[in-house]
Structures are given as structure tokens and as C-alpha cells.
Amino acid sequence: MASTHEFRDVEAWVVAVELAPAQIQVLQVLTILVFAPLLSGWIAHLEARLQGRRGPRILQPYYDLAKLFRKETLVPEDAGWVFVVGPMVAFTCYLTVPLLIPVLTTFPLPLGYMGDILGGGFLLGLAGFSVALAAAETGGPYAQLGSSRAMTFGALIEPSILFVTFAVALVTTTDLPYFEAAAARASLSQVIRPAHLLIALAFFLVVLNDTGRIPVETHAGTLEFGMIDEARTLEHSGPLFALLKWGSAMKQMILYVLLVNVFAAPWGLAGSGATGSVVLAVLALLGKAFCVGAIFAIIDNSFSKLRLFKITEFMAAAFLLSILAVLVLYLGGG
Amino acid sequence: MAAVPAVPSIFSGSTEAIALVVLLTEFAMLRAHLSRSQVRLYAFQSLAVTALAVFVAATKHVDQLYVLAGFSFVLKVVVVPSVVSRLLRDARVDIASSHRFGVATMVLLAIALSVFGFFVVGSLPVHSKSLPAPALGLAAAVILVAFLLVTLRSDVVSQAVGFFALENGVSVASLVVAAGLPLIVEVAFLFDLLVAVVVFGLLMRIHHGRARTLSTEALDRLQG
Amino acid sequence: MGWDLIVILIVPFAVSVICWWVPTRIARALTLASGVLTFVLAVLLVPAKTTTALSGWLRVDALSVVFLVAVALVYGATAVFAIGYVHPAGDPGSAARYNRRFFAGLNLFAWAMAMAPVVNGLALLWVAIEVTTVVSALLVAIDDTDRATEAAWKYVLIASMGLGIGLLATIIMYYAGSTVFGNAYELFYPKVLSGAARFPPEVVRLSFVLAVLGFGTKMGLVPVHTWLPDAHSEAPTPISALLSGSLLAVSFYAILRFYQVTARAIGPAFPRGVLLAFGVASLALAALYLASQRDLKRLLAYSSVEHMGVLAIGMSFSAPIAIVGVLLHVLAHAAAKSSAFFGAGSITRKFGTKDMSRIRGGIGALPWSGPMLVLAVLGLSAMPPFGIFRSEFLIVSGGLQDPRDAVAAVLVVGVTLAMLGLSWFTSRTMLTPSVEDSSRGEPSAWIVASMVIGLAALAILGVHPPGQLSDLLTRAAGELGAQR
């Protein structure tokens, strides 16, 4: 009986204790910060399994980060302060974006109005830019190659992102991510409407590109010629490298969150500030992110990387999908 | 564009989704490098059109559309692709079809054309309940992109497939515009396809027999 | 009355089937009989009012009869020509096979073209025109040379795409009708016309533009004319004559049917504007291209494009006299262009080439068909006393009455330019002294006979069209919306 009683107590506590919006907001950031390496570990593990290897532990990224933070920082002779500041700026950006997007809640949090989709996009862009700048600072050929490629393809994927934003704006008349998710939750016909499917698909391709996945880039490859994002971090070491790795894991998780919570499956979010529902939302988010990760791992294993100059075809496909979404909306309803 | 577009009904939403599949397949055709995969894509596209016919027949209770869907399945999904692939097998030529432009350029051109089609349809003040305007716009885009497929490719198979794709676009348009077509128009429709198979098959054979290739690069004697 | 329509429906088709089985001699005779019969029946229909048969599926009114006569005239003349037409290949086995295909195809082609004005309804009209594409594409390829294959491939590809658009136009017109009649109705002309005034205007407008683009492809309107010179120059001569004299006219007929509905629905200003744009483009481009041709049959093909442009421009005038002129022009062009092609066939046989730089002294080498070809070309250049002079005169004076003087002036300038191109050719190839001492003589008397038929018709149309024919043209113009 005692245990039941205790359980009731917990239950009451769970329902009764409301988290303040500011606390949830912090929790959003923490969720991303803490669980991003776990997600990376999960994907790496699954990929290995799909290839018939045992693979690293799921927790491996944490060990890697811990080890890197203990190491000393080596700065190339010619590199200036940008080399050091770049990774930090990027990391800060990745910590800021979760304030703006629906990570855990259906209702907008106080700072959620601080920036719209474009604002989030700018922050991600700033992060990418500072990483590229830091890489270029080293003078290392591969790092520079990586940053120039990343900038080029980033510019090419930009139109698709813009059109996705337009489509969202046409559906909701705002470009706040919360409202797109709310619109999708509102009815099933909203989810199966062609425009929504198209933008979800286009955004999926954008995520594939931005997380450096096949068919754009080999994720775990060691071949420098095909590298884009990975090549940028080649010259960094120690805590700075740890920040970059952690940052890229967070970026990946942020994009997944956008994909699931805004477009694909905006369900399972906390409707109120009750502790229980927030905890459930964290778990649901992890579940969804793991599912998306599984899909990406499967894609990684079933397609081959495009040749570098064929990547434009991939970009063209993403652009096609997003522009069709806008057109279908334009013609009424869609 | 000012007002918030209403969420479409399940009927028009699904119609549009299928029409979208048709258009996207056509873009895939534009990208496809092998004649063989183009033919497969065509079969898939026709399957989508057939599905659309069945869907419209079921939701609008037009029984004759089932017959049309059956015919179109047999002809477009089975007969035409198998005829063309047999031709490809017999031809034993390089099955890589040629591009005049890079894929990305072609896709951008096709996007521009589709936008044009959309705006033309969008300028029509037709907003009846029975006519999902986006699906009509998509059909127009399919037709326009088919023109691109014909003009930008220089091999017989791609050109023929481009024509067949145009035919599919007309099918989509007719299905969304006029679900209860009088039988005579349907007959006209099937007839069109039958004719296309016969003539194109024959001419492709003749062309291959004479030129020993399925490329149209050699067809530049008649000018001016 | 209506049996004559059924005869037209059956006879050429039956002859076509029979020609597949019988020896060439009989096939020729049958083709001739069928051609003459069709022509006689078509002429008999001239004074009649609207005739229907087969519970409304076949129907001719004055407008259809004009085009039926044009088709039948060329069909009859071609049947005569075909007797004198010999397959180029040598050995008898392949010649027999060729002839079998040729005559079966010729009759089927003529049948399909005769069907187009006879059937009732836009959908059936489309089917008939599609049949003409199929048959004529195979006939263009029948010579089985590289050039013929190329021409046939271009033709079938471009024309099929065009007709795909034409089908779309038909379906959209059907949709326009369904807003008035409900979902299931037949696209018979009287029915469609009766409700046309209530059709949604934008839809009709779209349908008309698509129809002009689609059927205009088969009619040879610039810029969708590109198949036409190739197909006309590479097809066997009788087929070229049928293509140019009848097929283009039949495609024009389809456009006129859409014009009829559109004018009823949204007033004639819009369709006139569309036709004017296409017409001016065709006339101007063809007139310029005419001057640079080396191939005799391509020259005539571009002349066809030019005349199609004249037809389209003529339809853009509102004066009834211009529409009468357009319909007369259809007939006169059929007569003149078929005899010109027959003459070209005669020259090709005689000199063994279509290259105009290698043809000299045609008028001396060919005592009959040479001068007659010159006459036919003069007729095509709108010289009096031939029919085209009369029809173009009517069209231009209609333009001046309209009053659209600028367009009429463009028309006159274009036609004059075309005349320059044509007459330059004539003087170079026909009126020059013969370089080599080639023998004088005609390849075949039948060719001469076919040209006589065409020129006689052309002269009659020019000098004094029979009263019943004038009456027919006036009635047809009335059906097209011209006020008396």
C-alpha cells in the first residue's frame, strides 16, 4: 500500500507542479544540448548494425567529447583569433536556436517570438559561416576546400529554404514555426494536403544536405576529396574540436526537431507546463528523433554518394519540390 | 494570394496529390539517363493516372470511368512500355539517351515552364467545386514539361516517351475537368493512344532499321 | 436524304480495304471510281440544305460541304494522277507491295479527310483528324528513304503533339458545355451552338487558343508549321497534293468549328485577334522563306503556309465578304495547289530531281504539263483570271470595308512578296532555254489529265463560280456568323 501511496504522491506532484515558461525554455535548450550526442551515437550505432558491424556504443560521443575536452588546444601558426572564436560563436548560435522553435511545447514560449523561421535560419547560417571562417583561417588546403564547398552548396540550397518559408507563410500567414505545427495538428486534411507534403519533403532534402548525409556527403568517410562539412574541422583539435563536434550534433538535432515537430509529426508535444507532460514531451521527442535518425541511417546505407558536381541535381530536386508547394498553394487551396 | 487559402477537401487534396505524383514522375523522366528507366517511369506515371481514374470513378460514381481505367491500365502500363522495351532490346543500341543541357538546367527550365502553366491556369476565373484548379495547373505543367522532354532530348525513345507523357497530362486534365466525359470522348482518348503505339512503334522500327540508331542526331538533312 | 453521306462513309474505306488484296491495275481503277464518285456526291450536296444521317452522327451543313468539296476535288484529281504515278523502285515484287500499300493508304487517307467535315461533333472531328495523321505519316514514310523517314518522324511527332493539344481543347470545350448541359451530353454542333452563349467565357477562350495551337499545327500555321515543308517535300507527289490541298483545309475546318462556338460564346473579337496573329506570322515568314528555296516541292509547301496565313487573316475580318472570300480561297487553293504539285511530280519524273538549280527549260521539255505548271503557279500567285485572285480580292476588299486597312495592306504586301518568290522560281526553271537536248514529251497522259482537272476548277472558280456554289459560300459564311 505504501508504494501505491507514494506513487499517488508522485502523480500529484507531477500534475500539480507547473513549470514556468522560462524554465521550459531553458529545458528546451538543455534537451538539445544534452541529447544531441546521444542522437549522433544512436545513428552511428544503427548504421554500423545495418552494415553488419557491431559498431560503437551509443554513448560513445559523450566519451569522445569528454576526451577531447581534456586535451590541449593546438592553434596553427598563421591562424588568428577567428580560429578560436569561430567554434564558440557557432556553439552559441546552436544554443540560441532552440529558444525559437517548438522543441517541447505546442504553445509559444516567451522568447519564441524573438525570431521567426528566417531568424532561426540566420542563426544557423551564422554558425555555418563562423565555422567556415575558422576553417579558412587555418590555411590548411582541405579545411579551406571544405569551407568553400560548404558555402557554395549552402548558397545553392538557400532558394529551397526560402520557398519552404514562403509556403509555410502561405499556409499560416505567419512564418513562426509554432503556427505551422499548430496548423498541421489542426486537421488530418491539413497534413495530407499536397502543399504540406511537398514542403515536408523539400525540408527533408534540405536536412539531408545540411547534416552532411548521403547522397550529398559521406558522413563517416575519411576521403577528403568528397568532404564538405567534415573537412572544415580537420585543423581543429582539443576543446575547440569538441565544441565543433558537439555543435554539429546539436545542429543535426535542431534540424530533426524542425522536421518532426513542425512538418512531419507535430504530435506528442506538451500542451501545458505540467511537469509530467513536459517529461513525456522530452521522451516523445527523443523517440521521434530516433525514428528520423533510423530513416537517415537507412538512406545512408541504401544510396551512394553523388559526384560532387552532380549535387546540383539534388539541390534542383529540393528546389522543385518547394516551388511546387508554393505554386499549388497559389492556385487556391492546394 | 492575399487571403489564407482554405484547406482543400479530401477529394481535391487527393486528386492534387496524385497529379503531383504524375508531374514529379515527369521530372524524373527529364533526369533519367537510361531509355529503359524512362520507359519504366512512364509505366509508373501511367499507373498514377490509372489510379486517379479509379479514384475519380469511385468518388463521383462514374462507372464508365472504371472501363477507361481498365483500358488505360492495359495499354499504358502494360502494352506500351513492353512494346517500347522490346524495341529497345531488339535495337541493342546504346541505351543512354542524350541530354542537350545539364540536368539542373533542364529542371530549372521545366520549373519555369510549370510556373507558366500554373499562372495561365491561375488566371482562369474557374473556381467551381468540381474543378480542382491546382490539379488542372499540374496537368498543364505536365503537358508543358512533356514538350521540353521532346525538344531537349535527341533520341527516338525519349521523344516518344515525351509524347506519351503529354498524353498522360491530357488524361489528368480531362479527369479533373470532365469526370463524366461522354463515351465518345473516351473512345477518342483510347484511340489516340492506340494510334500512338502503332505509329510510333512502326516509325521507331523504320527509323532504327534505316539509321541503325535510335538517336535523332542524324536527322538534320531537312532544313530551311 | 442522307444516303449520300453513308456512301461517302463507306465507299473510300471499302476501296481502301479492297486495294490491299487486288492487283495494281484494279486498285487504280477502283481508286479512280471512288474518287469520282465522292466528288460527284460532294457536288450534289452543294445545293442541299443541312443533311443528317445515322441518327445525327453524320451531318453536313453549308460549311461542311465547302470543305467536303475541297477534299473530294483533290481526291478525284489525285486518283487520276495516281494512275500515271509509278513507283520509283525497279523490281516488280517490291513495286507490287509498294502499290498495294500506296493505294490502300491513299484511299484511307482520303476517307479520313472526307469524314472530318461529315461527322457531327467536335470529338468525332478530332478522331477523324487523328486518323489522317496516322495514315498520312505512314504514307510520307512509304518511300523508305532516309529523308522520308526523317520527314515522317518529325511529322508524326509534331502533329501528334499538336493534336494532343487539340484534344485538350476539345475536352475543355466539353467542360464549358457541361456547365450548361450537365455532365453527360454529346458534343453535336447544333447542341453546342445552341448553348454556347451561356458558356463561361474564360474557359471558351482557353479552349479556342489551344484549338488554334493544336489544329494549327496540322494546318501549318507559323510557328508550329515546322513539319510541313519536310513532309510535303518528301512524300510521294499524290500524297503531297492531298496533304497540301485537303489536309490543311480540313485542319482549318476544325479551327472554324471552334471559331463558330467561340464567336457565339464570347463574340468574334477575341478569336479574330488570335487568328490574325497566327495569320500574319504565317504569311510573313512563308513569304520570306519562299524566296530562298531550292527544292521545288518545298517551295510549294511554303506557298501552302502562306495561303494558310491568308485564310487565317481573312477570318480576322468582320466583313461578310471576307469570310466568303476565305471559303472560296479554300476551294481555289485546293485546286491550284494540287495541280501545282502534280506539275512538280511531272517535272520530278522528267528531270529526276527536285533541285531547282538543276531544272532548266521545263516548258520546252514538257509540252503540256510545263505550261500548265506555270499557269498553276500564276494561279497560286493570285493572277487573274484564276480563283485565288477572286478569293484574295474578296478578302482584301473585306479588310478595306472592315475597315482594317493596315492589315489589308500587310496582306497585299505579303502576297506580293510570295508572288515574287514563286515567279522567280518559274522564270528560272520553266522559262529558261533548255541546257541539254532532253527529249520533248510527257511522262504520262494521266498526269496531264489531273492537271487539267485542277486548272479547270481553278479557272471556273475565278471566271464565273456557279450560282449554287456562290449561294453555298454565302450560307456557310452566314453559319460562321457573318451578317448578310
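Residues numbered from 1 in each chain as written. Chains lettered and ligands numbered in written order. Predicted model: local features only at pLDDT ≥ 70, side-chain atom pairs only at ≥ 80, totals over all residues. Heavy atoms only, no water.

**Brief notes about the environment of glycine 154 of chain A**
Residues and elements named next belong to chain A.
Okay, so step 1: Tracing the sequence through the fold places glycine 154 in helix H6 (residues 141-172).
Okay, so step 2: Assessed through its relative accessible area of 25%, glycine 154 is described here as partly exposed.
Okay, so step 3: Sequence separation between glycine 154 and asparagine 301 is 147 residues; the distance between their C-alpha atoms is 24 Å. (Helix = DSSP H or I, 4+ residues; strand = E, 2+ residues; numbered from the N terminus. Buried < 20%, exposed > 50% of the residue type's maximum accessible area, 1.4 Å probe, protein only.)

**Describing the packing of aromatic side chains**
Okay, so step 1: Tallied over the entire structure, the rule returns 22 aromatic pairs over all chains.
Okay, so step 2: The rings of Phe69, Phe91 and Trp246 of chain A are connected pair by pair, giving a single aromatic cluster.
Okay, so step 3: The positively charged end of arginine 205 of chain C is found above the aromatic ring belonging to phenylalanine 270 of chain C, 5.0 Å away from the centroid.
Okay, so step 4: Seen from the ring of tyrosine 189 of chain C, arginine 257 of chain C lies directly overhead, with NZ or CZ sitting 4.0 Å from the centre. (Phe/Tyr/Trp six-rings, centres within 6.5 Å; stacked < 30°, edge-to-face > 60°. Lys NZ or Arg CZ within 6 Å of the ring centre and 35° of its normal.)

**Quick word on helix H5 (residues 122-140) of chain C**
Okay, so step 1: Across its 19 residues, H5 of chain C extends 27 Å between first and last C-alpha, which sits within 8% of the 27 Å expected from 1.5 Å per residue.
Okay, so step 2: Taken across its 19 residues, H5 of chain C has 18 buried, putting it largely inside the fold. (Expected span 1.5 Å × (residues − 1).)

**Regarding the packing of helix H2 (residues 21-50) of chain A against helix H3 (residues 60-70) of chain A**
Packed helices, taken two at a time, are described by the angle their axes make and the gap between the axes.
Residues and elements named next belong to chain A.
Okay, so step 1: Two elements in contact, H2 and H3, have axes separated by 7 Å at closest approach and are oriented at 120°. In terms of their interaxial angle, H2 and H3 are classed as oblique. Residue-level contacts link Val34, Phe35, Pro37, Leu38, Ser40 and Gly41 of H2 to Pro61, Tyr62 and Leu65 of H3.
Okay, so step 2: When grouped by side-chain class, the residues that make up the contact of H2 with H3 number 7 nonpolar, 2 polar and no charged. (Axes fitted to C-alpha atoms, helices over the stretch in contact; angles between N-to-C directions. Parallel < 35°, antiparallel > 145°, perpendicular 65-115°, else oblique. Contact = heavy atoms within 4.5 Å. Nonpolar A, V, L, I, M, F, W, Y, C, P; charged D, E, K, R; others polar.)

**So, the pattern of salt bridges**
Residue and element names in this part refer to chain C.
Okay, so step 1: Counted by the stated rule, this structure contains 16 salt bridges over all chains.
Okay, so step 2: A salt bridge links glutamate 234 to lysine 354, with the nearest nitrogen and oxygen atoms 3.7 Å apart. In this pair, glutamate 234 sits in helix H9 (residues 227-234) while lysine 354 sits in the loop between helix H13 (320-351) and helix H14 (362-365), placing the two residues 120 residues apart along the sequence. Like glutamate 234, the residue lysine 354 is buried in the burial classification.
Okay, so step 3: Each of Arg147, Glu234, Asp295 and Lys354 takes part in a single network of salt bridges with overlapping partners. (Salt bridge = Lys/Arg side-chain N within 4 Å of Asp/Glu carboxyl O.)

**Some points on a nonpolar patch on the surface**
Residues and elements named next belong to chain B.
Okay, so step 1: A cluster of nonpolar side chains, namely Val21, Phe44, Leu47, Phe73, Val74 and Val78, defines an oily patch on the protein surface of about 470 Å² accessible area.
Okay, so step 2: If you trace the backbone, valine 78 turns up in helix H3 (residues 63-91).
Okay, so step 3: Take valine 78: its relative accessible area is 41%, and that puts it in the partly exposed class. (Patch = residues over 30% accessible without salt bridge, like charges linked within 9 Å, V, L, I, M, F, W, Y side chains within 5 Å. Areas by Shrake-Rupley, 256 points an atom, 1.4 Å probe, with all protein chains shown as cover.)

**Details of the packing of H2 of chain A against helix H10 (residues 238-264) of chain A**
Residues and elements named next belong to chain A.
Okay, so step 1: Look at H2 against H10: their axes get within 8 Å of each other, and the N-to-C directions meet at 90°. Relative to H10, H2 is oriented roughly perpendicular. Between H2 and H10, the contacting residues are Thr31, Ile32, Leu33, Phe35, Ala36, Pro37, Leu39, Ser40 and Ile43 on the first element and Trp246, Ala249, Met250, Gln252, Met253, Ile254, Tyr256 and Val257 on the second.

**Notes on the confidence of the model for chain A**
Okay, so step 1: Overall, the predicted model of chain A reaches an average pLDDT of 85, with 92% of residues at or above 70.
Okay, so step 2: The spread of mean pLDDT over the elements of chain A runs between helix H1 (residues 2-16) of chain A, the lowest at 61, and H3 of chain A, the highest at 94. (pLDDT = per-residue confidence, 0-100.)

**So, the interface of chain B and chain A**
Okay, so step 1: The interface is formed by 30 residues belonging to chain B together with 26 residues belonging to chain A.
Okay, so step 2: Between chain B and chain A, a total of about 2,500 Å² is buried, with carbon and sulfur atoms accounting for 81% of that surface.
Okay, so step 3: Seen at the junction of chain B and chain A, the total is 1 salt bridge.
Okay, so step 4: Across the pair arginine 31 of chain B and glutamate 313 of chain A runs a salt bridge whose closest N-O atoms are separated by 2.9 Å.
Okay, so step 5: Inspection of the region where chain B meets chain A yields 1 residue pair in polar contact (both at pLDDT 80 or more).
Okay, so step 6: Looking at the side of chain B that touches chain A, the elements that each hand over two or more residues are helix H1 (10-31), helix H4 (103-122) and helix H5 (133-152) of chain B. (Buried area = accessible area lost by both parts, 1.4 Å probe. Polar contact = N/O pair within 3.5 Å; in protein donor to acceptor, adjacent residues only side chain to side chain.)

**Focus on the nonpolar core**
Okay, so step 1: Among the nonpolar cores identified, the biggest contains 351 residues, and Phe200 of chain B together with Phe67 and Leu327 of chain C are the most heavily contacted of them.
Okay, so step 2: At 19 residues, the largest contribution of residues to this core is made by helix H6 (residues 146-181) of chain C.
Okay, so step 3: Discounting chain neighbours no more than four positions away, the residues touching phenylalanine 200 of chain B are Ala160, Phe163, Phe164 and Val195 of chain B together with Trp153, Val156, Leu157 and Ser160 of chain C. (Core = buried A, V, L, I, M, F, W, Y, C linked by side-chain atoms within 4.5 Å.)

**Considerations on the side chain of threonine 50 of chain B**
Residue and element names in this part refer to chain B.
Okay, so step 1: Considering the arrangement of structural elements, one finds threonine 50 in helix H2 (residues 35-60).
Okay, so step 2: Owing to a relative accessible area of 7%, threonine 50 belongs among the buried residues under this scheme.
Okay, so step 3: For threonine 50, the residues in contact, after removing those within four places along its chain, are Ala69, Ser72, Phe73 and Val77.

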